[in-house]
Structures are given as structure tokens and as C-alpha cells.
Amino acid sequence: MTGGFYWLSQPGRPLQTAGPGCAGCHIRTTLEWDGPAAAAFSKGVHALNPNRVFPGSIPQSATAHQEPSAQFASFKADSFRAAECLSCHASAHEAWEYSAHGRAFTNPIFQHAFERDRKAWCLNCHAPLWDARRDGEAASIAEEPDIGALYAEGINCVSCHVRDGEIHAATDYSKKPDVKLFHPVRYDPGLARDSFCAGCHQFNFVHELEPFTVYEGDEHPMQNVVRESRESNGALYPAGCTGCHYAQGDHSLKSKGARRLRDKMVIEIATTRPGAARPAKDGPDGEDGQRANRQYSVTLKLSIPRIAHHFPTGDLFRILSFYIYDAQGGELYRYDFRKEVRVVDRAVISDTTLKPRPDEYGAHATIQARLARRPARCSVVYRLQGAIDPDIAGDFKDPAILSETVYEGSCGD
């Protein structure tokens, strides 16, 4: 188990408030060779401490539960904002702004869940620069979010690249003497390691949220993307998460520049009509070893050519669905690629996610459906909220944001 509450105080000072399991992360951090960034995020246990980003940004006399007040007038919030980096890093800023990191707080799906749950645990990953003493408690932010506030920038430049007033990068510029730097850059290889990403993207089911965040054991992962990558075929992806999601410094997080799922998924659909010959399964049905097909047979071949983790991954609500419809729009068939976990006892009911093979790049699957009626239309849809999207669609101005249609059209007659 791991847990904790609020943050570490300034370097050299003891913990302001501690919870079960703090030492498990913070003592191990002192022994890490990855550098300071290796422990920047806490799996939602606490937000980033502003004083560990820019020392002195919050008065030392402030208490952990203090209400926002005028004493924070000296807080230079602009120093934390992504706009500070825009003039020199315009392309990275533009990619970040429309990325899942840039929209981590403002995206409507998170806002819908946060308005319901109202937990600091949600903000600690989706808005890691929030501060209860400056911004108010999580419940008040959920009730009336300020889109102009620092926390609304989600995971911005400072969240990852600044520690103790220094700018960190995974590039060692001492080996690039021809590169002229506008500011000093501290080499921090931890930024490029999957252990850094795991600070928000790998965590177990929660045993307790308040007053301390306490997780269950590792046998109950709630989000498992980093471990999936390591265990599936990590040897084929030695660069880890950043090898795909930050290739050539692309801060959009999209794998190899593929902006949409349809840009990186290969789909083949074929239909065999009744009466067509097919190989006999139970023995020859005639001299040619063939037998008559009395049903429509639809075959889906789906592949993602380059992926290290399962798909869908991360949030357990996510489902990739294959639909077959008749001419009247009636659903004839549906197959879901998903991981289904029984929340009561954490038992895995089924796991039909696409899984990469350890000896080759990518993940592949073949699904075959036999139908009594003629298929007229097929579709493949990525449903971000899965089974609950019919229940919550009415809460969104644009319900289309709950899904992405990857394919819509013929069933491959």
C-alpha cells in the first residue's frame, strides 16, 4: 500500500503532514539514479508542491488547511503558466494545448466525473498545480471551476519540466555544444523513463481516499498501462512510453503523429454470403470436401501496427466496439474489446482487449460473426465511457465527444 496527504515541505524541512506509505516513495526517491523528476507525481496521493517547483512561491508560514487569503498576493502564478514558454517553444506549446495533458482538467468527460466525485485525488493528477490554500478545496473547484486559473492548464510545461527553480529536460545538452540555450537546462533522464509516466498512469484500486489516500496491493491495478507495456513486449520498445508518445519531441502525445485512432488502426472486413462454399469443419459434405454455407459470415481483422500496451487501456470505462447492422438499422451483432472488472472484489470478469505479442510489433485480432440475416452496415467505435455512455450522454452539449467512430461503412461484400 501507499498513501499520503498534501505535500513535502521545502527541502531540508520535515513533512508538514504525513500518511501511511509516504516513506515508500520518498525514501526510495533519494536512492534513484533517474534524477529529481523520477518522483514528480504521486499517483494522485498529493499535488505538486509549489515550493518544490519554484522555492519561495508560497509563504512558509502557510498551513496545510489555510483558506485562500491576501498573503498569497506574492505568489507569481504567471511563472507557472505555459504561456511563459510560448515565445521560444511555439510548436511544443501548440501541440500541448490540444493534447490530453493540456486538456486534462478542462475536457468535458473529466469535468463531468469531477463534478460528481469532487475529490482532491482527481485534481492531483488532472491539475497537479492546484493548491487548496490558494484555490480553495476540491469541492468548491468542482462546483465553480475557474477556467482561467493555473490549475485549469492541467499538466503544463512546469508540471514536468521545472523542479527547485531549475528547468529539466531529458536531453543532455552538454553533448550538443552547437545548441544555443536561452536558459540553463538540467539534464534529467528520469523525464524519459516510464517510471515518470507511472506517477499518474499506473495505480491500483483505492482502499481509502480520505483522510489519506491508501491503495490496495499490486494485484489490483485500476490503471495498468505502464505494467502492460513492460510485460507485453517492452524489449521491442526500449525507449518506453516516450518512444511513441513523445517521438521527435511531439507534445501532442499522439503515437507517431497519428492524431486520430483511425489514422493508426488497420481494419479489414469481409462477408461470405449464404450458399457460398466454405471448408467443412466436421468432415466433407460432398466429393470436394466443401459444404454449403447457410449463414452470412462476417470476418473482422483489426490491427494496430505499433503499440506496446493493451488497447483499450487506462480508464476501465473505455471500450472498442464492433457493430453489424441490418438494412433497417437494427443491431445484428456486437463485439467489445474491453477489460471488465467486478468492483466489489476486483475480479477480472473478462479481458478481450487487443494485446501486443511479445515477438512482434503491434496488436492484432480476428473476430468472426455468423448471422441469419444479411448485414448491411458495419462500424468500429471507440467508446470513451463505454457501458455508461447512454446514461450520461444527455449531460453533454455534444454527446459525440464520448466516442470516436473509427470505421463506418460496408461489411465488405
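For clarity, every value in this text was computed on a predicted model and none was experimentally measured. (Residues numbered from 1 in each chain as written. Predicted model: local features only at pLDDT ≥ 70, side-chain atom pairs only at ≥ 80, totals over all residues. Heavy atoms only, no water.)

Peer 1: Honestly, unusual backbone geometry in this entry has me stumped. Any pointers?
Peer 2: Backbone phi values are negative for most residues with the exception of glycine, while trans is the configuration of most peptide bonds. Residue phenylalanine 311 is joined to proline 312 through a cis peptide bond whose omega torsion reads -5 degrees. Locating proline 312 in the fold gives a position in the loop between strand E12 (296-304) and strand E13 (319-325). Of note, arginine 118 is a non-glycine position whose phi angle comes to about 55 degrees, a positive value. Along the polypeptide, arginine 118 turns up in the loop between helix H5 (108-117) and helix H6 (120-126). In this structure, glutamine 248 takes a positive phi of about 55 degrees despite not being glycine. Here glutamine 248 lies in the loop between helix H12 (241-245) and strand E9 (266-272). You can call glutamine 248 exposed: its relative accessible area is 77%. (Helix = DSSP H or I, 4+ residues; strand = E, 2+ residues; numbered from the N terminus. Buried < 20%, exposed > 50% of the residue type's maximum accessible area, 1.4 Å probe, protein only.)

Peer 1: How should I be thinking about the nonpolar core in this particular structure?
Peer 2: Within soluble globular proteins, side chains that are nonpolar tend to cluster in buried spots. Counting residues in hydrophobic clusters, the biggest one holds 25 residues, and the most contacted among them are Phe311, Leu320 and Leu354. Discounting chain neighbours no more than four positions away, the residues touching leucine 354 are Leu302, Ile304, His309, His310, Phe311, Leu320, Phe337, Ala363, His364 and Ala365. (Core = buried A, V, L, I, M, F, W, Y, C linked by side-chain atoms within 4.5 Å. Contact = heavy atoms within 4.5 Å.)

Peer 1: How should I be thinking about the confidence of the model for the protein chain in this particular structure?
Peer 2: Close inspection of predicted coordinates is inappropriate for parts of the model with low pLDDT. In this model, the protein chain carries a mean pLDDT of 81, and residues with pLDDT of at least 70 account for 78%. Segment residues 1-17 is flagged for pLDDT under 50; beyond a separation of four residues in sequence, or across chains, it makes 63 contacts in the model. With pLDDT under 50 throughout, residues 60-75 is counted as low confidence; its partners more than four residues away or in other chains account for 33 contacts. (pLDDT = per-residue confidence, 0-100.)

Peer 1: What is the right way to look at H5 in this model?
Peer 2: Since there are 3.6 residues in each turn of an α-helix, residues three or four apart along the chain are aligned in direction. Those residues of H5 not exposed but buried are Ile109, Phe110, Gln111, His112 and Phe114. Residues of H5 that are buried sit in contact with H6, helix H8 (138-143) and helix H13 (389-392). Two or three places before isoleucine 109, at the start of H5, stands the capping residue asparagine 107, its side-chain oxygen 3.0 Å from that residue's backbone nitrogen. Once H5 ends, the next one or two residues include arginine 118, with phi positive near 55 degrees. (Polar contact = N/O pair within 3.5 Å; in protein donor to acceptor, adjacent residues only side chain to side chain.)

Peer 1: Teacher, can you tell me more about the pattern of salt bridges here?
Peer 2: Note on pairing: side chains with opposite charge can pair once their charged atoms come close. Within the structure shown, the criterion is met by 14 salt bridges. Aspartate 351 serves as the salt-bridge partner of lysine 355, at 3.2 Å between the closest nitrogen and oxygen. Its relative accessible area of 32% is what places lysine 355 among the partly exposed residues. Note on aspartate 351: relative accessible area 30%, which makes it partly exposed. (Salt bridge = Lys/Arg side-chain N within 4 Å of Asp/Glu carboxyl O.)

Peer 1: Sorry, what's going on with the sheet that holds strand E18 (residues 377-383) here?
Peer 2: Where strands meet in a sheet, backbone hydrogen bonds hold them as pairs that are either parallel or antiparallel. Strand order across the open sheet formed by four strands is E14-E13-E18-E19, with antiparallel pairing between neighbours. Each edge of the sheet is formed by a strand with only one pairing partner; in this case those strands are strand E14 (331-337) and strand E19 (403-409). Recorded for the sheet is a direction-independent mean angle of 15 degrees between the axes of neighbouring strands. Note that E13 and E18 share seven bridges and pair antiparallel. Bridging across to E18, isoleucine 324 finds its partner in cysteine 378. (Pairing = 2+ DSSP bridges. Axes fitted to C-alpha atoms, helices over the stretch in contact; angles between N-to-C directions.)

Peer 1: Would you mind showing me how to read the pairing of E12 here?
Peer 2: On a regular strand, one side chain projects to one face of the sheet and the next to the other, so that they alternate. Across the nine residues that make up E12, a large majority, eight, are buried. Of the strand pairs in this sheet, E9 and E12 are connected by seven bridges, and their pairing is antiparallel. Paired with isoleucine 267 across the bridge in E12 is leucine 302. Pairing analysis gives nine bridges linking E12 to strand E17 (residues 363-371), with the strands arranged antiparallel. Counted as the bridge partner of tyrosine 296 is leucine 371 from E17.

Peer 1: Help me understand the pairing of E13 in this model?
Peer 2: Summarising burial for E13: seven of the seven residues are buried, a large majority. Neither face of E13 is exposed, since Ile319, Ser321, Tyr323 and Tyr325 on one face and Leu320, Phe322 and Ile324 on the opposite face are all buried. The sheet contact formed by E13 and E14 spans six bridges and is antiparallel. Looking at the pairing, tyrosine 323 lines up with arginine 334 of E14. Once E13 ends, the chain turns through five residues before running back antiparallel as E14, passing glycine 329 with a positive phi of about 90 degrees.

Peer 1: Teacher, can you tell me more about the environment of arginine 306 here?
Peer 2: Among the structural elements, arginine 306 can be located in the loop between E12 and E13. Take arginine 306: its relative accessible area is 34%, and that puts it in the partly exposed class. Residues arginine 306 and glycine 362 lie 56 residues apart in sequence; the distance between their C-alpha atoms is 4.2 Å.

Peer 1: Sorry if this is basic, but what is going on with the state of the cysteines here?
Peer 2: Note on terminology: a disulfide is the covalent bond linking the sulfur atoms of two cysteines. The full count for this structure, using the stated rule, is one disulfide. What pairs with cysteine 378 in a disulfide is cysteine 411, and their sulfur atoms sit 2.1 Å apart. Every disulfide takes its handedness from the sign of the S-S torsion; for cysteine 378 and cysteine 411 that torsion is 110 degrees, giving right-handed. Taken together, the positions of cysteine 378 in strand E18 and cysteine 411 in the segment after E19 put the pair 33 residues apart, joining distant regions of the chain. With a relative accessible area of 0%, cysteine 378 lands in the buried category. Of the cysteine sulfurs around cysteine 122, a residue in no disulfide, the closest is that of cysteine 125, at 9.6 Å. As a non-bridged cysteine, cysteine 244 has cysteine 241 as the owner of its nearest cysteine sulfur, 9.1 Å distant. Accessibility expressed as a relative area gives 9% for cysteine 244, which makes it buried. (Disulfide = S-S within 2.5 Å.)

Peer 1: How should the sheet that holds E17 be read in this particular structure?
Peer 2: On the basis of which strands lie adjacent, the open sheet formed by three strands has the order E9-E12-E17 and antiparallel pairing. Looking along the sheet, the strands with just one partner apiece sit at the ends: E9 and E17. Strand-to-strand twist in this sheet, taken as the mean axis angle between neighbours without regard to direction, amounts to 10 degrees.

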